[in-house]
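# A look at the structure
So the chains spell out like this:
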Amino acid sequence: MEAPVLDATLPDRLARAVTLAGPISLAQYMAAANAHYYATRDPLGSDFTTAPEISQMFGELIGAWLADLWDRGGRPPAAYVELGPGRGTLAADALRVMAKAGLTPPVHFVETSPTLRTAQAARVPDATWHDDTTTLPDDAALLIIANEFFDALPIRQLVRGGDGWHERLVACQDTLFLPIAGKQVPGDILPPELRDAAPGSVIETSPASVAVMRDLAGRIARQGGAMLTIDYGYEGPAIGDTLQAMQRGRFVNPFEHPGEHDLTAHVDFATLAAAAITAGASTFGPVEQGALLIALGIDARAAALGERVMADRERLVSADQMGRLFKALAITAPGWPHPAGFP
Ligand code: SAH
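Report follows, based on the coordinates. What you see is a predicted model, and the numbers here were worked out from it, not measured in a lab.

### Concerning the overall build of the protein chain
If you tally the helices and strands in the protein chain, you get 11 helices and 15 strands. Projected onto its principal axes, the C-alpha positions of the protein chain cover 80 × 65 × 45 Å. A burial count over the protein chain gives 45% of its 343 residues as buried. Long-range contacts, defined here as pairs at least 24 residues apart, represent 73% of the contacts in the protein chain between residues at least 6 apart. Put simply, the protein chain shows about 18,500 Å² of open surface, and 58% of that area lies on carbon and sulfur atoms.

Structure (structure tokens):
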């Protein structure tokens, strides 16, 4: 028997597995690639950025949204849950605002990446981490946030061929991965309005996302609470291949170097909402992110932050604060340029 090669990269291991066992589903490919990708780096800021990393206002407004719902919901015992919390930035911003409103729930993070768990622990040290949703508390209302989480979960693709619909599989030739058409699927599993789409059309589904939503919506229905899901996406069913790979802010081929870039797909909000309703929860929206943030008061918050920045400026500069008593002296090597700010 061959000894496991511990330092083999994911492409090598995956290429060997696919060559030996035959083509795998796109969902299996995506799951393996993303697990490796997130486990081995902190991608935020290098490969892509997200709303909470752009501004503290994002997490603050979400914290205020949760605190308001919880307050009007009768202030029940509650737990804060975040799915794929990245660096923990959103949670830290939201929890700060929630605490001011008297809401200080225990924090539960669903996160598979050891690297990102470390980053999250630096910002929210008291959190409890979970590999998946099954171990979340069942004795409290759940206040659940998922920002850019569902887009990273595995999708399946069905491709219309000349003779009908086929599941897309991923094959490996030498060390090159390529999408191929698998066996034909019965047409009646497809939404009727899409069944006769033109050859080449792609329909995406994400059974993994539906399973997570069904579980969490069922818990919310039983335990109380609410969930806010924000992602890029559409209201399906729809035709379209949205699988994409992002590396250092650029789109790259999803079938090259699996595990070295982030594989995502657009989220079908109609399907997520339907799963939540089936599980007994109520749904609202989807509404556009911009409209939501404006409705939650982002303009007033931005103005307040602007005022605070101006107040900080006064403190540093004005003559009766630090501006006159504090002085600066520059020293340079002979021949070095004249430093800025000194007459
Ligand atoms: N919500 C954060 C990070 C988004 S990136 C933000 O807005 O900045 C996607 C996050 O989901 C990462 O934390 C990643 O490690 C996590 N993740 C991806 N797939 C996951 C899975 N199957 N289970 C749990 N976490 C996952």
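### Description of a nonpolar patch on the surface
Together, Leu316, Val317, Met322, Leu325 and Phe326 line one region of the surface with nonpolar side chains, adding up to about 520 Å² of accessible area. With respect to the secondary-structure elements, phenylalanine 326 resides in the segment after helix H11 (319–323).

### Describing the pairing of strand E5 (residues 141–147)
Within E5, 7 of the 7 residues are buried, which leaves the element mostly enclosed by the surrounding structure. Burial of E5 is two-sided: the residues Ala141, Leu143, Ile145 and Asn147 facing one way and the residues Leu142, Ile144 and Ala146 facing the other way are all buried. Sheet topology note: the strand E2 (residues 78–83)/E5 ladder contains 6 bridges and is parallel. Paired with valine 81 across the two strands is isoleucine 144, which belongs to E5. Here E5 pairs with strand E10 (residues 225–230) via 6 bridges, running parallel. Within the sheet, the bridge partner assigned to leucine 143 lies in E10 and is alanine 226.

### Digging into the environment of histidine 130
Structurally, histidine 130 is set in strand E4 (residues 128–130). Residues histidine 130 and alanine 35, 95 residues apart in the sequence, show an inter-C-alpha distance of 15 Å. When sequence neighbours within four positions are dropped, the list of residues in contact with histidine 130 reads His108, Phe109, Val110, Glu111, Arg117, Thr135 and Leu136. Engagement of the side chain of histidine 130 in a polar contact is seen with the side chain of histidine 108, the distance being 2.9 Å.

### Brief notes about the pairing of E2
Of all the 6 residues making up E2, 6 are buried; the element is thus mostly covered by neighbouring parts of the structure. On E2, burial covers both faces: Ala78, Tyr80 and Glu82 on one face and Ala79, Val81 and Leu83 on the other are all buried. Sheet analysis places E2 next to strand E3 (residues 107–110), joined by 4 bridges and oriented parallel. Bridge pairing in E3 places tyrosine 80 opposite valine 107.

### Some thoughts on the nonpolar core
By size, the foremost hydrophobic cluster in this structure holds 29 residues, and its most contacted members are Tyr80 and Met98. Counting residues per element, the ones that place at least two in this core are helix H4 (56–72), E2, helix H5 (89–100), E3, E5, E10, helix H9 (289–295) and helix H10 (298–317). Among the elements that make up this core, the one with the highest residue count is H4 (7 residues). Ranked by size, the runner-up nonpolar core spans 24 residues in total, among them Val81, Ile144, Val212 and Phe269.

### Some points on the packing of H4 against H10
In contact at an axis separation of 11 Å, H4 and H10 are set at 125° when each is read in the N-to-C sense. Comparing their axes, H10 and H4 come out oblique. Every pair of crossing elements has a handedness; the one defined by H4 and H10 is right-handed. Contacts between H4 and H10 involve Gln56, Met57, Glu60 and Leu61 from the former and Ile298, Arg301, Ala302, Leu305 and Arg308 from the latter. Grouping the amino acids of the contact of H4 with H10 by side-chain chemistry returns 5 nonpolar, 1 polar and 3 charged.

### Let's talk about the packing of aromatic side chains
In the structure shown here, the tally under the stated rule is 5 aromatic pairs. Pairing tyrosine 29 with phenylalanine 177 gives two aromatic rings, centres 5.6 Å apart and planes at 55°, and the pair type is tilted. Note that tyrosine 29 is positioned in helix H2 (residues 26–39) and phenylalanine 177 in strand E8 (residues 176–185), a separation of 148 residues in sequence. Residue classification places tyrosine 29 among the buried positions, given a relative accessible area of 0%.

### As for the site of the ligand
Neighbouring residues of the ligand: 16 residues in total, closest Thr50, Gly84, Gly86, Glu111 and Asn147. Within the side chain of threonine 50, one N or O atom sits 2.5 Å away from an oxygen atom of the ligand. Within the side chain of glutamate 111, a nitrogen or oxygen atom sits 2.5 Å from an oxygen atom of the ligand. Look at the ligand: alone it shows 570 Å² of surface, and the protein chains cover 91% of it.

What counts, and at which threshold
Residues numbered from 1 in each chain as written. Predicted model: local features only at pLDDT ≥ 70, side-chain atom pairs only at ≥ 80, totals over all residues. Heavy atoms only, no water. Helix = DSSP H or I, 4+ residues; strand = E, 2+ residues; numbered from the N terminus. Buried < 20%, exposed > 50% of the residue type's maximum accessible area, 1.4 Å probe, protein only. Contact = heavy atoms within 4.5 Å. Areas by Shrake-Rupley, 256 points an atom, 1.4 Å probe, with all protein chains shown as cover. Patch = residues over 30% accessible without salt bridge, like charges linked within 9 Å, V, L, I, M, F, W, Y side chains within 5 Å. Salt bridge = Lys/Arg side-chain N within 4 Å of Asp/Glu carboxyl O. Pairing = 2+ DSSP bridges. Polar contact = N/O pair within 3.5 Å; in protein donor to acceptor, adjacent residues only side chain to side chain. Core = buried A, V, L, I, M, F, W, Y, C linked by side-chain atoms within 4.5 Å. Axes fitted to C-alpha atoms, helices over the stretch in contact; angles between N-to-C directions. Parallel < 35°, antiparallel > 145°, perpendicular 65-115°, else oblique. Left-handed = near helix turned anticlockwise from the far one by under 90°. Nonpolar A, V, L, I, M, F, W, Y, C, P; charged D, E, K, R; others polar. Phe/Tyr/Trp six-rings, centres within 6.5 Å; stacked < 30°, edge-to-face > 60°. Near = heavy atom within 4 Å.

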